[in-house]
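Coordinates in review
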Amino acid sequence: VNKNRPVNLDIATFRLPITAYVSILHRVSGVANVFISLALIWLLSQSLASEDSYEYVIELTNLTFVKVLLFLILANLIYHSCAGIRHLIMDMGVGEDSFKSGKISAFVMIAVAMILLTFLSSGYSCEISFNLLINSGSARWMVQRIGGIVIFLYALFILWNLFVNESMSYFEWRQLFESKIVKFFSWVTVFSLISHAWIGIHCVISDYITVRLIGPKALVIRKIFMSFLTVILVVYFLWSALILWGL
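Attention here is on the structure that accompanies the text. (Residues numbered from 1 in each chain as written. Predicted model: local features only at pLDDT ≥ 70, side-chain atom pairs only at ≥ 80, totals over all residues. Heavy atoms only, no water.)

Scanning the chain from N- to C-terminus turns up 9 helices and 0 strands. Each helix (α) and strand (β) of the chain, taken in turn from the N terminus, gives the series α-α-α-α-α-α-α-α-α. By residue count, 38% of the 247 residues in the chain fall in the buried class. Surface summary for the chain: the accessible area is close to 15,300 Å², and the carbon and sulfur share equals 71%. (Helix = DSSP H or I, 4+ residues; strand = E, 2+ residues; numbered from the N terminus. Buried < 20%, exposed > 50% of the residue type's maximum accessible area, 1.4 Å probe, protein only. Areas by Shrake-Rupley, 256 points an atom, 1.4 Å probe, with all protein chains shown as cover.)

A separate point is the side chain of Ser-45. Structurally, Ser-45 can be placed in helix H1 (residues 18-49). Beyond its immediate chain neighbours, meaning those up to four positions away, Ser-45 contacts Trp-239 and Ile-243. (Contact = heavy atoms within 4.5 Å.)

If you check which residues of helix H6 (residues 170-178) are buried, you get Tyr-170, Trp-173, Arg-174, Leu-176 and Phe-177. Buried residues in H6, looked at end-on, bunch into an arc of 150 degrees, giving them a common side. Exposed positions of H6 whose direction lies more than 90 degrees from the buried face are Phe-171 and Gln-175. (Arc of directions from axis to C-beta.)

This part is about the pattern of salt bridges. Opposite charge on two side chains permits pairing when their charged atoms draw close. Within the structure shown, the criterion is met by 2 salt bridges. In this structure, the salt-bridge partner of Arg-27 is Asp-207, at a minimum N-O distance of 2.5 Å. Given a relative accessible area of 41%, Asp-207 falls into the partly exposed group. Note that Glu-178 and Arg-174 form a salt bridge whose closest N and O atoms lie 3.0 Å from each other. A residue pair is termed a helical-turn pair when its members lie 3 or 4 positions apart in one helix, as Glu-178 and Arg-174 do in helix H6 at 4 residues. (Salt bridge = Lys/Arg side-chain N within 4 Å of Asp/Glu carboxyl O.)

With 26 residues, the main nonpolar core has Trp-173, Phe-177, Ile-201, Met-226, Leu-229 and Leu-233 as its most contacted residues. For this core, the secondary structure elements donating two or more residues are H1, helix H5 (137-164), H6, helix H7 (180-208) and helix H9 (217-245). If you look at the next biggest cluster of nonpolar residues, it comprises 7 residues, including Leu-43, Val-57, Val-66 and Leu-70. (Core = buried A, V, L, I, M, F, W, Y, C linked by side-chain atoms within 4.5 Å.)

In this section: the packing of aromatic side chains. For the structure shown, the criterion picks out 9 aromatic pairs. Note on Tyr-154 and Phe-157: the rings are 6.4 Å apart at their centroids and 40 degrees apart in plane angle, and the pair reads as tilted. With a gap of 3 residues between them, Tyr-154 and Phe-157 both fall in helix H5, about one helical turn apart. By relative accessible area, Tyr-154 is classed as buried at 13%. Phe-157 gets classed as partly exposed once you look at its relative accessible area, which sits at 23%. With a centroid separation of 4.9 Å and an interplanar angle of 65 degrees, the aromatic rings of Trp-173 and Phe-177 are classed as edge-to-face. Residue Trp-173 and its partner Phe-177 are both found in helix H6; the two are separated by 4 residues, about one turn of the helix. Neither residue differs from the other here; Trp-173 and Phe-177 are each classed as buried. Chaining the aromatic ring pairs together yields one cluster made of Tyr-54, Tyr-170 and Phe-171. (Phe/Tyr/Trp six-rings, centres within 6.5 Å; stacked < 30°, edge-to-face > 60°.)

Where nonpolar side chains cluster on the molecular surface, the patch consists of Leu-16, Tyr-21, Ile-24, Leu-25, Val-28 and Tyr-208 and spans about 530 Å² of accessible area. Within the fold, Tyr-208 resides in helix H7. (Patch = residues over 30% accessible without salt bridge, like charges linked within 9 Å, V, L, I, M, F, W, Y side chains within 5 Å.)

Let us look at the packing of H6 against H7. One can describe the packing of H6 onto H7 by two numbers: an axis separation of 5 Å at closest approach and a directional angle of 70 degrees. Judged on the interaxial angle alone, H7 and H6 are roughly perpendicular. Judged by residue contacts, Leu-176, Phe-177 and Glu-178 of H6 engage Lys-180, Val-182, Lys-183 and Ser-186 from H7. Grouping the amino acids of the contact of H6 with H7 by side-chain chemistry returns 3 nonpolar, 1 polar and 3 charged. (Axes fitted to C-alpha atoms, helices over the stretch in contact; angles between N-to-C directions. Parallel < 35°, antiparallel > 145°, perpendicular 65-115°, else oblique. Nonpolar A, V, L, I, M, F, W, Y, C, P; charged D, E, K, R; others polar.)

Here is the structure:
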């Protein structure tokens, strides 16, 4: 290995292809989804607490500012999901044989995301996403992919119910989550969210906080950051458990 090879760490001088931007934004959107989940879990807990709190959530989500925030949250989820599906397809050997194929798949992914965002925005205008327990790389790969699919399907399930029954009452909403099937689906989604987020953030941290870039302290920073993330995800799990057990 040539240890004297030139190293360019000035990101501003890089000329990145579209595939790199798609990959970077996929990771950024994934990190954002971890923190977005906090707000979504809070909304769910409030909507299921009582009829008054349910009405409060309805009033809150009818505010223009909140609608814009929800639109951005859904847009972030759509992009992350589309980029994740692109990775799944490439993992199966489709479109990874050449750089040209990668560029085409990136443009197709962006186009699909834009179509979904256009559909979402048009619908909006009518009304105004554990390495601690798993040491196998292939197992982590499988858990993250399956978890991403589960989260995506759960999001579609919730959105479908909201769009089909726009005037859903508190009792109908609560009855939906009291269903054993929906409870089980919710539990699976909670586990999927936690595992998907943990593995995804771990990959991001491992790629960007490295000894090569910032020295030996990188290992300490990574342990501290991942410990903090683990605490956050445990809180997510306990909070979700309280919500589901309370139904």
